[in-house]
Every structure is written in structure tokens, then in C-alpha cells.
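# Notes for the structure review
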Amino acid sequence: MEAKKFIDEKSGILAEYLDFFLMRKLSYSQLNHFLWDTLREWDNLDIYDESTGSCKEQVFWYLLFELKNWSSQQIFSNRILRQQLHTGALFLQGQGVKPYNCIGIRPITEYLD
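Scope of this entry: the structure provided in the associated data block. Residue numbering note: each chain is counted from 1, following its sequence as written. It should be noted that, the model being predicted, local features are given only for residues of pLDDT at least 70 and side-chain atom pairs only at 80 or more, the latter also being counted only at that level, while totals for whole chains, interfaces and linings use all residues. With hydrogens and water excluded, all non-hydrogen atoms of the structure serve as input to the side-chain values.

## Structural notes on the pattern of salt bridges
A pairing counts as a salt bridge when a side-chain nitrogen of Lys or Arg comes within 4 Å of a carboxyl oxygen of Asp or Glu. Under the definition given, this model contains 5 salt bridges. Among the salt bridges present, the one from Lys-4 reaches Asp-8, with a minimum N-O distance of 2.8 Å. In this pair, Lys-4 and Asp-8 both sit in helix α1 (residues 3–22), 4 residues apart, roughly one turn of the helix. Under the scheme applied here, a residue whose accessible area is under 20% of the maximum for its type counts as buried, over 50% as exposed, and between as partly exposed, the area being computed with a 1.4 Å probe on protein chains only. By relative accessible area, which is 54% here, Lys-4 ends up exposed. Three or more residues joined by partner-sharing salt bridges are found here, namely Lys-4, Asp-8 and Lys-56. Here a strand is any run of E in DSSP of at least two residues, a helix any run of H or I of at least four, and the numbering for each starts at the N terminus.

## Observations concerning the packing of aromatic side chains
Centres within 6.5 Å make a pair out of two Phe, Tyr or Trp rings, where for Trp the six-membered ring is used; the pair is then stacked when the planes are under 30 degrees apart, edge-to-face when over 60, and tilted otherwise. Evaluated as defined, the whole model comprises 7 aromatic pairs. Measuring from ring centre to ring centre gives 5.0 Å for Phe-21 and Phe-76, while their planes differ by 50 degrees; the resulting arrangement is tilted. In this pair, Phe-21 is assigned in helix α1 and Phe-76 in helix α4 (residues 72–77), connecting sequence segments 55 residues apart. Here the aromatic rings of Phe-60 and Trp-61 are separated by 4.9 Å at their centres, their planes lie at 80 degrees, and the arrangement is edge-to-face. Residues Phe-60 and Trp-61 agree in their burial class; the two are buried. An aromatic cluster of three or more residues is present, and its members are Phe-6, Trp-42, Phe-60 and Trp-61. Looking at Arg-24, its charged tip hangs above the ring of Phe-76, at a distance of 3.8 Å from the centre. Placement of a charge over a ring requires the Lys NZ or Arg CZ to be within 6 Å of the ring centre, with the centre-to-atom vector within 35 degrees of the ring normal.

## Section: the packing of α1 against helix α3 (residues 55–69)
Under this scheme, a helix contributes an axis fitted over its contacting stretch, all axes are lines through C-alpha atoms, and angles between N-to-C directions fall in the 0 to 180 degree range. One can describe the packing of α1 onto α3 by two numbers: an axis separation of 10 Å at closest approach and a directional angle of 45 degrees. The orientation of α1 with respect to α3, classified from their angle, is oblique. Between α1 and α3 lies a crossing whose hand is left-handed. Across the interface between the two elements, Phe-6, Ile-7, Asp-8, Lys-10, Ser-11, Leu-14 and Leu-18 from α1 touch Lys-56, Glu-57, Phe-60, Trp-61, Leu-63, Leu-64 and Leu-67 from α3. Of the residues in the contact of α1 with α3, the class split is 9 nonpolar, 1 polar and 4 charged. By definition in this entry, angles of less than 35 degrees are roughly parallel, angles greater than 145 are roughly antiparallel, angles of 65 to 115 are roughly perpendicular, and the rest are oblique. Crossings are assigned a handedness: left-handed for a near helix turned anticlockwise from the far helix by less than a right angle, right-handed for a clockwise turn. Here a residue-residue contact requires only that any non-hydrogen atoms of the pair lie within 4.5 Å. Under the scheme applied here, ten amino acids are nonpolar (Ala, Val, Leu, Ile, Met, Phe, Trp, Tyr, Cys and Pro), four are charged (Asp, Glu, Lys and Arg), and all others, including Gly, are polar.

Following this line, the structure appears as C-alpha cells:
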């Protein structure tokens, strides 16, 4: 599978899971499980090109990183962070603009092992 196809498939799922999480209909544990599965699948693709192919891909990796970086408690206690995450989810669903200062980069595969 190529990178673009992977991002196209996973971005809709990420946006949906993120929406459910922000509405408290999905636990952080469930969201985290999806995030790790996504990183494992990416690692299995053996893509070594570090450049992102589109704004959509940048937002995808940005959201994934932010969700791995912050705890559930930190996300729900920070209104600005929640808004950034929500804006990113909308963008992935084709319903908005790219979040302000959103810089997402591909994980380097060799460091995921």
C-alpha cells in the first residue's frame, strides 16, 4: 500500500475516533489502541520517504502526535487544544480549514521498532 492510500483510509477513521473521544463516547484507552495499531501498520509499509505528500497527511500526523503526546486529562482541561484537535478532525473530513500552526511530519519508520 502506498502512503497516500494509507492516509486516505486512516484519516477518516482517525477523525471519527477523535470526534467520539471528544464527545466522551470513546475512551482514551480505545483511542490509544487505534493510534498504536495505526503506527504499527505504517511501520509495516516500509516507507522511508520522510516528506509528507499533502496538507491532509500533515494534519493526520499532527493529530496522531498530539493525541499520543497529551493525556486524556490534559486534553479535556485545555480548551484551545481541544479546539485544535476538533478543527483537525473537521479538516480530515473535508469540512474546514487546516488548523493554525499545524505541522505534521511522518514518523521515521526505523524509530518505530
